[in-house]
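Residue strings, one per chain:
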Amino acid sequence: MKTTPLWLYLSVLVLALLQYTGENAIGFSHSSGLVVEELSETAIYLMALGYLWSFKVTDFEEPLEQRLELEQVTN
């Protein structure tokens, strides 16, 4: 999680706020708010899918194994 780019967090935050405003028709008409909500939600899902697609489990396992080995040595 620490290696996740900041722009990804900010993008999801902006899209979530846009989704909320669209869902509650804040600044949008009811019909366009529904479209904004669905497009924002779809964009969030696509970003999550892209991130998971590029996620490499081996990059996560190596530091975890090192931490576990360090804990075993110190205990």
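We now turn to the structure provided with this report. (Residues numbered from 1 in each chain as written. Predicted model: local features only at pLDDT ≥ 70, side-chain atom pairs only at ≥ 80, totals over all residues. Heavy atoms only, no water.)

Things to note about the overall build of the protein chain
Logical step 1: Helix and strand content of the protein chain: three helices and zero strands.
Logical step 2: Counting the 75 residues in the protein chain, one finds 13% classified as buried.
Logical step 3: Once local pairs closer than 6 in sequence are excluded, the contacts in the protein chain between residues at least 24 apart make up 43%.
Logical step 4: When the accessible surface of the protein chain is summed, it comes to about 6300 Å², and 68% of that surface belongs to carbon and sulfur atoms. (Helix = DSSP H or I, 4+ residues; strand = E, 2+ residues; numbered from the N terminus. Buried < 20%, exposed > 50% of the residue type's maximum accessible area, 1.4 Å probe, protein only. Contact = heavy atoms within 4.5 Å. Areas by Shrake-Rupley, 256 points an atom, 1.4 Å probe, with all protein chains shown as cover.)

Observations concerning helix 1 (residues 6–23)
Logical step 1: With 18 residues, helix 1 should reach 26 Å at 1.5 Å per residue; the first-to-last C-alpha distance of 26 Å fits that figure.
Logical step 2: Those residues of helix 1 lying buried are Leu8, Leu15, Gln19 and Gly22. Projected onto a plane normal to the axis of helix 1, the buried residues spread over an arc of 65 degrees and lie on a single side. Facing away from the buried surface of helix 1 by more than 90 degrees, the exposed residues are Leu6, Val14 and Leu17.
Logical step 3: Close packing links the buried residues of helix 1 with helix 2 (30–54).
Logical step 4: Backbone geometry just downstream of helix 1 places alanine 25 in the positive-phi region, at approximately 50 degrees. (Expected span 1.5 Å × (residues − 1). Arc of directions from axis to C-beta.)

A look at helix 2
Logical step 1: Relative to the 36 Å expected for 25 residues at 1.5 Å per residue, helix 2 spans 36 Å between its end C-alpha atoms, a close match to the ideal helical length.
Logical step 2: The set of residues buried in helix 2 consists of Gly33, Val36, Glu37, Ser40 and Ile44.
Logical step 3: On its buried face, helix 2 sits against helix 1.

Let's talk about unusual backbone geometry
Logical step 1: Of note in the backbone geometry, alanine 25 takes a positive phi value of approximately 50 degrees without being a glycine.
Logical step 2: By secondary structure assignment, the location of alanine 25 is in the loop between helix 1 and helix 2.
Logical step 3: Residue class for alanine 25 comes out partly exposed when judged on its relative accessible area of 31%.

Describing the side chain of glutamine 19
Logical step 1: With respect to the helices and strands, glutamine 19 occurs in helix 1.
Logical step 2: The exposure class of glutamine 19 is buried, given its relative accessible area of 18%.
Logical step 3: With residues near it in sequence (within four places) discarded, glutamine 19 still touches Glu37, Ser40, Glu41 and Ile44.

Concerning the side chain of glutamate 37
Logical step 1: Tracing the chain through its elements places glutamate 37 in helix 2.
Logical step 2: Residues contacting glutamate 37, with those up to four places away along its chain left out, are Gln19, Gly22 and Glu23.

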